[in-house]
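The lines below spell out each chain.
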Amino acid sequence: MPAPKERKWDELKGWKELAEISPGAIVPGVPTSPEYLTGDWRVERPIWDEDKCTHCLLCWVFCPEDAIMLNISEDGKVVKMIGIDYDYCKGCGICVRACPPKIHALEMAPEEV
Amino acid sequence: MAKRKTTRMALTGNEAMAFAMKQINPDVVAAYPITPATQIVELFSKYVADGEVDTEFVPVESEHSAMSACVGASAAGARVMTGTASQGLALMHEILYIASALRLPITMCVVNRTLSAPINIHCDHSDTMGSRDAGWIQIYTENVQEAYASTIVGVRTAEKANLPVMVTTDGFVLSHGMESLDVFDDEDVREFLGQRKPLYNVLDVDNPITVGPLDLQDYFFEHKRGQIEAMFEAKKHIYDAHREFAEFFGVELPVFMEPYRLDDAEYAIVVLGSSAGTGKEVVDDLRDEKGMKVGLLRLRIFRPFPYEELQQVLGKVKYLAVMDRADSLNTMGGPVATEIARALYHFSERPIIHSFVYGLGGRDVPPENFYEVIEKMQWIAAGNTPDRMVTYVGVRE
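From a predicted model like this one, the values you see are computed outputs, not experimental measurements.

**Q** Got a minute to help me understand the packing of aromatic side chains in this structure?
**A** Here the distance between the centres and the angle between the planes together describe a pair of aromatic rings. Residue and element names in this part refer to chain B. Scanning the entire structure with this criterion turns up 15 aromatic pairs over all chains. Centroid distance Phe192 to Phe248: 5.4 Å. Interplanar angle 45°. Geometry classified as tilted. With Phe192 in helix 8 (residues 186–193) and Phe248 in helix 9 (residues 220–249), this residue pair connects regions lying 56 residues apart in the sequence. Assessed through its relative accessible area of 14%, Phe248 is described here as buried. A centroid spacing of 4.8 Å and a plane angle of 50° characterise the contact between Phe245 and Phe249, whose relative ring orientation is tilted.

**Q** Mind showing me how you'd approach the interface of chain A and chain B here?
**A** Frequently, the measure chosen for interface size is the accessible area that the parts lose on association. Facing 17 residues of chain A, the contacting portion of chain B comprises 19 residues. The junction of chain A with chain B conceals about 1600 Å² of combined surface from both sides, 67% of it contributed by carbon and sulfur atoms. The largest per-residue losses of area from chain A upon contact with chain B belong to Trp15, Gly24 and Ile26 of chain A, which jointly make up 34% of the total buried on that side. For the pair chain A and chain B, the number of links is 0 salt bridges. In this structure, the connection of chain A to chain B is made through 5 residue pairs in polar contact (both at pLDDT 80 or more). Taken together, the elements giving at least two residues each to the side of chain A that touches chain B come down to helix 1 (15–21) and strand 1 (27–28) of chain A. Looking at the side of chain A that touches chain B residue by residue, the class counts come to 10 nonpolar, 5 polar and 2 charged. For strand 1 of chain A and strand 9 (residues 209–210) of chain B, the ladder comprises 2 bridges, and the chain directions are antiparallel. Bridging from a neighbouring strand, Pro28 of chain A pairs with Ile209 of chain B of strand 9 of chain B.

**Q** Where do I start with the pairing of strand 15 (residues 352–358) of chain B in this structure?
**A** Successive side chains on a regular strand alternate, one facing one side of the sheet and the next facing the other. All names here are of chain B. Of all 7 residues that make up strand 15, 5 are buried, and the element is covered over most of its length. Pairing analysis gives 6 bridges linking strand 14 (residues 319–324) to strand 15, with the strands arranged parallel. Across the sheet, Met323 pairs through a bridge with Phe356, a residue of strand 15. Pairing of strand 15 with strand 16 (residues 390–393) involves 4 bridges; the strand directions are parallel. Bridging from a neighbouring strand, Ser355 pairs with Val390 of strand 16. Assessed by its sense of winding, the connection that carries the chain from strand 15 through helix 13 (residues 367–381) to strand 16 is left-handed.

**Q** What exactly am I supposed to notice about the layout of surface pockets here?
**A** A probe matching the size of a water molecule, rolled over the atoms, marks out where space remains unfilled. All names here are of chain B. When its volume is computed, the second largest pocket comes out at roughly 650 Å³. Lining of the second largest pocket is provided by 23 residues; of these, Met231, Phe232, Arg303, Pro304 and Phe305 occupy positions nearest its centre. Looking at the lining of the second largest pocket, the elements that each hand over two or more residues are helix 5 (93–101), helix 9, helix 11 (307–314) and helix 12 (335–345). Ranked by residues supplied to the lining of the second largest pocket, first place goes to helix 9 with 6 residues. Considering only residue class, the lining of the second largest pocket consists of 11 nonpolar, 4 polar and 8 charged. Here the lining of the second largest pocket gathers at least three residues from each of two domains, domain 1 (6–249) and domain 2 (257–393).

**Q** Help me understand the nonpolar core, please; the structure alone is not making it clear to me.
**A** General note: in soluble globular proteins, nonpolar side chains tend to be found buried as a group. All names here are of chain B. If you look at the biggest cluster of nonpolar residues, it comprises 76 residues, and the most contacted ones within it are Tyr148, Ile152 and Leu314. With 9 residues, helix 7 (residues 144–161) is the single largest residue contributor to this core. Counting residues in hydrophobic clusters, the runner-up holds 27 residues, among them Met67, Leu102, Leu104 and Ile209.

**Q** Quick question: what am I supposed to make of the sheet that holds strand 13 (residues 301–303) of chain B here?
**A** Remark on secondary structure: sheet strands pair via backbone hydrogen bonds, oriented parallel or antiparallel. All names here are of chain B. Read across the open sheet, the 7 strands follow the order 3-2-4-5-7-6-13; overall the sheet is mixed. The open sheet has two edge strands, strand 3 (56–59) and strand 13, and neither has a second partner. Taken pair by pair, the neighbouring strands of this sheet meet at an average axis angle of 20°, ignoring direction. Of the pairings in the sheet, the one linking strand 2 (residues 28–31) to strand 3 comprises 4 bridges and is parallel in character. What sits directly across from Val29, in strand 3, is Phe57.

**Q** Looking at this structure, how should I read unusual backbone geometry?
**A** Trans is the common state for peptide bonds, and a negative phi is the common state for residues other than glycine. Residues and elements named next belong to chain B. Here Ala117 and Pro118 are connected by a cis peptide whose omega angle stands at -10°. In this fold, Pro118 is placed in the loop between strand 5 (107–112) and helix 6 (126–129). Here Arg303 and Pro304 are connected by a cis peptide whose omega angle stands at -5°. Relative to the helices and strands, Pro304 is located in the loop between strand 13 and helix 11.

**Q** Explanation requested: a nonpolar patch on the surface in the structure shown.
**A** Residue and element names in this part refer to chain A. Side chains of Leu58, Trp60, Val61, Phe62 and Ile94 sit close together on the surface and give an oily, nonpolar patch of about 450 Å² of accessible area. Ranked by residue count, the leading element in the nonpolar patch is helix 2 (residues 58–62), at 4 residues. You can see Phe62 is positioned in helix 2. Phe62 sits in the partly exposed class, given a relative accessible area of 47%.

**Q** I tried to follow the pairing of strand 6 (residues 137–140) of chain B on my own but got confused; where do I start?
**A** Residue and element names in this part refer to chain B. On strand 6, burial covers both faces: Ile137 and Ile139 on one face and Gln138 and Tyr140 on the other are all buried. Across 4 bridges, strand 6 lies against strand 7 (residues 165–170) in parallel orientation. Within strand 7, the residue paired with Ile139 across the bridge is Val167. Regarding the hand of the β-α-β motif, the stretch spanning strand 6, helix 7 and strand 7 is right-handed. One ladder, built from 2 bridges, connects strand 6 with strand 13; its direction is antiparallel. Following the sheet pairing, Gln138 is matched in strand 13 by Arg303.

What counts, and at which threshold
- Residues numbered from 1 in each chain as written.
- Chains lettered and ligands numbered in written order.
- Predicted model: local features only at pLDDT ≥ 70, side-chain atom pairs only at ≥ 80, totals over all residues.
- Heavy atoms only, no water.
- Phe/Tyr/Trp six-rings, centres within 6.5 Å; stacked < 30°, edge-to-face > 60°.
- Helix = DSSP H or I, 4+ residues; strand = E, 2+ residues; numbered from the N terminus.
- Buried < 20%, exposed > 50% of the residue type's maximum accessible area, 1.4 Å probe, protein only.
- Contact = heavy atoms within 4.5 Å.
- Buried area = accessible area lost by both parts, 1.4 Å probe.
- Salt bridge = Lys/Arg side-chain N within 4 Å of Asp/Glu carboxyl O.
- Polar contact = N/O pair within 3.5 Å; in protein donor to acceptor, adjacent residues only side chain to side chain.
- Nonpolar A, V, L, I, M, F, W, Y, C, P; charged D, E, K, R; others polar.
- Pairing = 2+ DSSP bridges.
- Right-handed = clockwise from strand over helix to strand, strands pointing away.
- 1 Å grid on protein atoms, 1.4 Å probe; cavity = no way out; pocket = protein on both sides within 12 Å on 5 of 7 lines; lining within 4 Å.
- Points joined across faces, edges and corners; volume = space filled by probe spheres on them.
- Domains from an automatic or database assignment.
- Core = buried A, V, L, I, M, F, W, Y, C linked by side-chain atoms within 4.5 Å.
- Axes fitted to C-alpha atoms, helices over the stretch in contact; angles between N-to-C directions.
- Patch = residues over 30% accessible without salt bridge, like charges linked within 9 Å, V, L, I, M, F, W, Y side chains within 5 Å.
- Areas by Shrake-Rupley, 256 points an atom, 1.4 Å probe, with all protein chains shown as cover.

Below you can see the structure in the form of C-alpha cells.
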C-alpha cells in the first residue's frame with residue numbers, strides 16, 4: 001500500500017486565512033478532487049493479472065474513480081491497460097465484476113495493514 | 001435625514017411583504033405555497049405575470065426544492081428571496097444550514113405558524129425557533145408597517161453580512177390582518193438596495209470555484225469557525241444596514257430591540273412579535289393607573305442574540321418575565337427565556353428571571369395574559385419560589 005500523503009497540522013491553514021480565501025467554504029480553482037487521495041478508504045484491493053488481461057477495457061468503462069491506468073499509442077489506435085492507480089482506487093470491486101468471467105484478470109485481495 | 005416620499009396604503013402583512021418584494025425586484029424567487037404564507041408568493045407571482053418585476057420565478061415542487069433553488073441562484077450571484085411558514089420551513093431545514101454556511105444572503109419572509117402535531121395553521125413561534133441554530137439572522141416584526149420595512153432592510157442586512165435573513169410576521173395576526181401603512185416609491189427602494197455584490201460567483205468561468213465540496217476532519221472546523229465569526233460580525237452589519245435605511249428613507253426602525261417604558265422599571269416583560277402591542281397597553285395601565293414600575297422589551301432580532309444590549313436595558317430590572325410563544329420541551333420553558341438567562345448570567349447585575357409560555361397554536365393573547373404574568377412576578381417578588389422554571393399562560397388547567 002502506498003504511504004498516504006501526510007498533511008501536517010502546522011501546515012494546514014487556520015480559519016482566519018480560510019475566511020479570506022474561501023468564504024462560504026468554497027474552494028478556489030477546479031478540479032480539486034485529484035488532491036484528495038481516496039485510496040486510503042480501501043479495505044480490499046483489486047489485483048490485476050497482466051498475462052490474463054485481453055485489454056477489453058470493460059473495467060475502465062465501469063470504474064467510478066478513473067483508477068484504471070491506460071497507455072494509449074501515439075496514433076491513438078492501441079489502448080492498453082497498464083495497471084491500477086492505488087492512490088484513488090477505493091476498492092469497490094466493480095472492476096472485478098466487470099471483468100469477463102472467462103478472462104478473470106482481476107481479483108480482490110484483502111488490504112494489508 | 002430627509003424623509004422620502006411615502007404613500008398610505010391598507011394592506012395585510014402578506015400583501016405588504018409581497019409589495020416589498022415587488023419593489024425589491026429580486027433576480028430569483030423560488031417558492032412553494034403554505035398557509036399562512038401562501039399569499040406572499042401568490043401575489044408576487046402576479047407581479048411576475050404582469051411584468052412588474054424582472055424576477056425569474058421558480059414554482060418548485062416542495063420547500064426543500066425551494067430553498068435548494070434559492071441556494072443555487074444565490075451562489076450564482078443573484079438577489080434571491082422566498083417565503084414560507086411552519087412545516088414548509090421545517091422541510092427546508094437541512095438546506096437552511098447550507099445557505100448560511102455558503103454565506104448566501106437569501107432573504108426569506110416567514111409567517112410564523114406552529115408545527116404539527118396536532119395539525120394547526122395558527123400562530124406561534126415554534127417554526128422559526130426550530131431554525132434558530134441554522135445560522136440565519138432572524139427579525140421578528142410587531143406590525144404590518146414594520147414587516148414591510150423589515151423586508152427591505154432585511155435584504156440590505158443579508159447582503160452586508162453575507163448571511164441569510166428571515167423576516168417574520170405572526171401568522172394570521174399580521175399576515176391576514178389589514179393595517180394602514182406608508183410605503184416608499186419603487187424607485188427609492190431599488191436605488192437604496194442597488195446591485196448585490198456577491199462574495200463569489202459559481203458562474204464566473206474565468207475564476208472557477210468549487211462550491212459545497214467534501215470537507216472532513218482536517219478543515220471542516222476551520223470553515224465552520226469562519227461562519228461563526230460572520231455571525232459575530234453580523235451585529236455591526238445589522239446596525240449599519242438599519243442606519244443606512246434610516247439615512248436614506250428618513251424612517252428609523254428599532255434595531256435589535258424596542259424598549260418600552262423600561263427606564264426605572266422594577267418589573268419587565270420580554271416578548272416578540274405582535275403580542276408586544278397588547279403588552280404595551282398593559283404596561284401603560286399598570287404604570288399610569290396603578291403606579292407600578294413596569295416596562296416591556298420587544299426583542300426584534302433574535303439571531304444574532306444581542307446579549308450586551310440586553311444587559312444594558314435589563315440589568316437593573318429586578319424581576320424579569322420572558323414570554324415565549326414556543327416551548328423548547330426542555331422542562332425550562334421557551335428558547336428566549338433560556339437564552340436571556342444565559343446572556344444575563346454573564347453579568348453580575350441581573351434580574352430574577354421566570355419563563356412564561358403563551359399563545360400556542362394561535363391561542364388568543366388578551367391583556368389578561370400580561371396581567372397574569374405580572375401577578376406571578378409579584379408573587380415571586382414576595383419571596384415565593386415557583387415549583388417549576390416555567391409557567392403556562394392562557395391554557396386551561
